[in-house]
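Listed here are the chains, written in short residue letters.
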Amino acid sequence: MTQAATKTDVATKADFERIPFGSDPALIGQIIARDGGLILTGVLGQEDVDAINRDLDPLINPLPLGNWGGEIAEGVQNDAPAAAADADAEAEVFCGMRTKHRQHLLMHSKILREKVVGHPIMAEYVAQVVPGRTGMHSLFSSVAIEIHPGEIAQDIHRDADYMFDLAGLDKPDTPHYVVNTLLAMCDVTEEMGATRVIPGSHNWPDYTDHGDMSQTIPATMKAGDMLFYTGKTLHAGGANVTADKPRRVLSTSWTFPWAVGEEAWPFIVTPEEVKTWPKLVQQYIGFRSKPYRDETPGLMWRIETRPLEEKLGLDA
Ligand SMILES: O=C(O)CCC(=O)C(=O)O
Ligand SMILES: [Fe+2]
């Protein structure tokens, strides 16, 4: 870990490092240690982006605006206790009233599974940030986030905030619990709601300080580029001030190998369905046993002491 950054350092940073996808994982690790985030360019070409969008359009287009935030907003109106209502109102801004979320994305795109999430170098990049052996991390979430015109900016937050908070570890000198990736499914401009990031904020000495918007820079991207950042870096979804340009990104995040993710995969896809998926992806979503140390098959996450992959009839 580099020395704690100061706000003066970050205020002068004009843009992210932009590094081609496939670059040396150690370089990615160095940049993350310094800046907390970077942009991987050319993760997918336009043809693959178009193909994913064709798969996702029928799933995302019919969703109502604020399909997550709206549900929370109903709770806010109905909930009497003030503290709960405050927390719900915060969640409402977080999820957005003009934003669409579609979860369980891995199910819906072979390209996303094979060329992005299941790509071996992605496993190495993840392992540069979150402790754990390469390829053994757990998927935390895989969700499309489409910010529509008129959406306001999110509150500045750290993705790992609540996990740190729950564990009493919302402090600078803790491991990186989460790494997140936002893959652009269109050219993303500042006006469309590019993610606002405070580079270097993962190293701030005071974690109660969430900075302010003037310290952020927008993660503008070409379609197929990816914002890659640690869960300790302050950021926020941006406001979409365009008249007619939705901003679609695909968020895939990973956490510790033994931690439980946000999406309960084994209850929505069957072993039969995932049989042809990359082993890496099977591992991320809980269809393979996990190791304590280096043993294979892993000793954790078993059934009746047998490795899960054996029980489920998946290749060893
Ligand atoms: O949509 C974005 O740009 C960022 C979303 C985000 O930070 C989140 O939902 O945690
Ligand atoms: Fe976030």
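Residues numbered from 1 in each chain as written. Chains lettered and ligands numbered in written order. Predicted model: local features only at pLDDT ≥ 70, side-chain atom pairs only at ≥ 80, totals over all residues.

Looking at the pairing of strand β4 (residues 138-147)
When you tally the buried positions in β4, you get eight out of ten residues, the bulk of the element. Here strand β3 (residues 99-102) runs beside β4; their pairing, made up of four bridges, is antiparallel. Across the sheet, the residue bridging to His101 is Ile145, located in β4. Sheet topology note: the β4/strand β10 (residues 247-255) ladder contains nine bridges and is antiparallel. Looking at β10, one finds that Ser142 is bridged to Thr252. (Buried ≥ 20, exposed ≤ 12 C-beta atoms within 10 Å, placed from the backbone. Helix = DSSP H or I, 4+ residues; strand = E, 2+ residues; numbered from the N terminus. Pairing = 2+ DSSP bridges.)

Focus: the environment of Asp24
Relative to the helices and strands, Asp24 resides in the loop between β1 (18-20) and α2 (25-35). For the pair formed by Asp24 and Leu312, sequence separation is 288 residues and the distance between their alpha carbons is 35 Å.

Regarding the packing of α2 against helix α7 (residues 120-129)
Two measures define how a pair of helices packs: the angle their axes make with one another and the distance between the axes. Relative orientation of the contacting elements α2 and α7 amounts to 35 degrees, with a least axis distance of 9 Å. In this structure, the crossing between α2 and α7 has a hand that is right-handed. For the pair formed by α2 and α7, the contact residues are Pro25, Ile28, Gly29 and Ile32 on the first element and Ile121, Glu124, Tyr125, Gln128 and Val129 on the second. Among the residues forming the contact of α2 with α7, the class breakdown is six nonpolar, two polar and one charged. (Axes fitted to C-alpha atoms, helices over the stretch in contact; angles between N-to-C directions. Left-handed = near helix turned anticlockwise from the far one by under 90°. Contact = placed C-beta atoms within 7 Å. Nonpolar A, V, L, I, M, F, W, Y, C, P; charged D, E, K, R; others polar.)

Concerning the nonpolar core
Core analysis: the largest hydrophobic core is formed by 63 residues, its most contacted members being Ile39, Val126, Val130, Leu183, Met226, Leu227 and Val249. Counting residues per element, this core draws most heavily on α7, at six residues. (Core = buried A, V, L, I, M, F, W, Y, C linked by C-beta atoms within 7 Å.)

Observations regarding the sheet that holds strand β7 (residues 217-218)
Strand order in the open sheet made by the three strands is β7-β6-β9, with antiparallel pairing throughout. Strands with a single pairing partner mark the edges of an open sheet, and in this sheet they are β7 and β9 (235-236). Of the strand pairs in this sheet, strand β6 (residues 196-197) and β9 are connected by two bridges, and their pairing is antiparallel. Note that in β9 the partner of Arg196 across the bridge is Ala236.

Here's the deal with α7
Because an α-helix packs 3.6 residues into every turn, residues spaced three or four apart end up facing the same way. Most of α7 sits out of view: seven of its ten residues are buried. Among all positions in α7, only Met122, Ala123, Tyr125, Val126, Ala127, Gln128 and Val129 are buried. In the core, the buried residues of α7 are packed alongside α2, α6 (110-117), β5 (178-184), β8 (226-230), β10 and α10 (279-284).

Looking at the sheet that holds β5
For sheets, the rule is that strands pair by backbone hydrogen bonds, running either parallel or antiparallel. Strand order in the open sheet made by the seven strands is β1-β2-β8-β5-β10-β4-β3, with mixed pairing throughout. Across the chains shown, the open sheet's two edge strands, defined by having one partner strand only, are β1 and β3. Taken over all neighbouring pairs, the strand axes of this sheet differ in orientation by 25 degrees on average, direction set aside. The sheet contact formed by strand β2 (residues 37-41) and β8 spans four bridges and is antiparallel. Note that in β8 the partner of Gly37 across the bridge is Tyr229.

Considerations on the confidence of the model for the chain
For the chain, mean pLDDT is 90; residues scoring 70 or higher make up 91% of the total. Note on residues 1-6: pLDDT is under 50 here. Beyond four places in sequence and across chains, it has twelve contacts. (pLDDT = per-residue confidence, 0-100.)

As for the packing of helix α3 (residues 46-60) against α6
For the pair α3 and α6, interaxial distance at closest approach is 9 Å and the crossing angle is 140 degrees. Comparing their axes, α6 and α3 come out oblique. Contacts between α3 and α6 involve Asp48, Ala51 and Ile52 from the first element and Ile111, Leu112 and Lys115 from the second. (Parallel < 35°, antiparallel > 145°, perpendicular 65-115°, else oblique.)

Here we look at unusual backbone geometry
One non-glycine residue, Trp301, lies in positive phi territory at about 65 degrees. Looking at where Trp301 falls in the secondary structure, it is placed in the loop between α10 and α11 (308-311). A positive phi angle is found at Thr305, which is not glycine, with a value near 65 degrees. For Thr305, the position within the fold is in the loop between α10 and α11.

Some remarks on the pairing of β5
Counting buried positions over the seven residues of β5 gives seven, a clear majority of the element. Judged by which residues are buried, β5 turns out to be covered on both faces: Val178, Asn180, Leu182 and Ala184 on one side and Val179, Thr181 and Leu183 on the other are all buried. Of the pairings in the sheet, the one linking β5 to β10 comprises seven bridges and is antiparallel in character. Across the sheet, Leu182 pairs through a bridge with Ser251, a residue of β10. Bridge analysis of β5 against β8 gives five bridges, and the strand direction is antiparallel. Note that in β8 the partner of Thr181 across the bridge is Phe228.

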